[in-house]
Amino acid sequence: MEKKKGILGFLSQTFMLFGIIVLLMSIFAVIFGDSAKQVSTIFSLGSKGLSIGTLIQFLSAIAIICVLRFVFMTDTIIKKMPVALRIILMFTSVIMVIIGFVFAFGWFPVTEVRAWLMFLISFAVSCAVSTFISVIAEKQENKKLEEALRRYKEKQ
């Protein structure tokens, strides 16, 4: 599991994710905002940008997700649980948080099947990309540690 990083690590991760989401959603707003204005509260300003309310909603959702990541992906709260179960519970919790925000803030029409399919597809793609990046980062970290161990053994 991950090293403990404290509040600065939490804030760093939260605001990094917030920046990425705001950048992506700003691009979507410019491209699709005017046509999505009537469908989603996220694009209430059309192609002019994102409202303060939407930004606060995104920041809140991301902060909750970062807390969930801390709960499920560190040994601080949950001491012994298989990694696969942690990941399943993490993704399930994140989906539930997003569904809660969809219903609470009208991010997209809850009765529209196409909107839910698009949500599920985008969530699956983002999970796949983040998993791929995590695997690559883990392999690079392991390679560095193996190299350091090899050098240490050579010196001994």
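Residues numbered from 1 in each chain as written. Predicted model: local features only at pLDDT ≥ 70, side-chain atom pairs only at ≥ 80, totals over all residues. Heavy atoms only, no water.

Visitor: Describe the overall build of the protein, with residues and values.
Guide: Helices and strands together make up the secondary structure of the protein, namely four helices and zero strands. For the protein, the N- to C-terminal ordering of α and β elements is α-α-α-α. In summary, the protein has a C-alpha radius of gyration of 19 Å against a globular reference of 15 Å for 156 residues, an excess of more than 25%. Seen through its C-alpha atoms, the protein measures out along the principal axes to roughly 70 × 30 × 30 Å. Counting all 156 residues of the protein, 27% fall into the buried class. Across the protein, the fraction of contacts at a sequence separation of at least 24, relative to all contacts at a separation of at least 6, is 50%. As displayed, the protein offers around 10,900 Å² of accessible surface, 71% of which is attributable to carbon and sulfur atoms. The centroid of the 17 positive side-chain charges in the protein is displaced by 3 Å from the centroid of its 9 negative side-chain charges. (Helix = DSSP H or I, 4+ residues; strand = E, 2+ residues; numbered from the N terminus. Rg over C-alpha atoms; globule rule 2.2 N^0.38 Å. Buried < 20%, exposed > 50% of the residue type's maximum accessible area, 1.4 Å probe, protein only. Contact = heavy atoms within 4.5 Å. Areas by Shrake-Rupley, 256 points an atom, 1.4 Å probe, with all protein chains shown as cover. Lys, Arg positive; Asp, Glu negative; His and termini not counted. Charge placed at Lys NZ, Arg CZ, Asp CG, Glu CD.)

Visitor: Go over a nonpolar patch on the surface with me, naming the residues and quoting the values.
Guide: A cluster of nonpolar side chains, contributed by Met16, Ile20, Leu23, Leu24, Ile27, Phe28, Val30, Ile31 and Phe32, occupies part of the molecular surface with about 860 Å² of accessible area. With respect to the element layout, leucine 24 can be found in helix α1 (residues 6-36). (Patch = residues over 30% accessible without salt bridge, like charges linked within 9 Å, V, L, I, M, F, W, Y side chains within 5 Å. Salt bridge = Lys/Arg side-chain N within 4 Å of Asp/Glu carboxyl O.)

Visitor: Run through the side chain of threonine 14, naming residues and quoting values.
Guide: Topologically, threonine 14 is positioned in helix α1. A polar contact of 2.8 Å, which involves the side chain of threonine 14, links it to the backbone oxygen of phenylalanine 10. Dropping the residues within four chain positions of it, threonine 14 is found in contact with Leu59, Ile62, Ala63 and Cys66. (Polar contact = N/O pair within 3.5 Å; in protein donor to acceptor, adjacent residues only side chain to side chain.)

Visitor: Hey, could you go over the pattern of salt bridges for me, with residue numbers and the actual values?
Guide: In total, this model carries four salt bridges according to the counting rule given. Between aspartate 75 and arginine 86 there is a salt bridge, and its shortest N-O distance comes to 2.9 Å. Of this pair, aspartate 75 sits in the loop between α2 (52-73) and α3 (83-105) while arginine 86 sits in helix α3, and the two are eleven residues apart along the sequence. Each of Glu147, Arg150, Arg151 and Glu154 takes part in one network of salt bridges that share partners.

Such coordinate-based values are descriptive only and should not be taken to indicate function.
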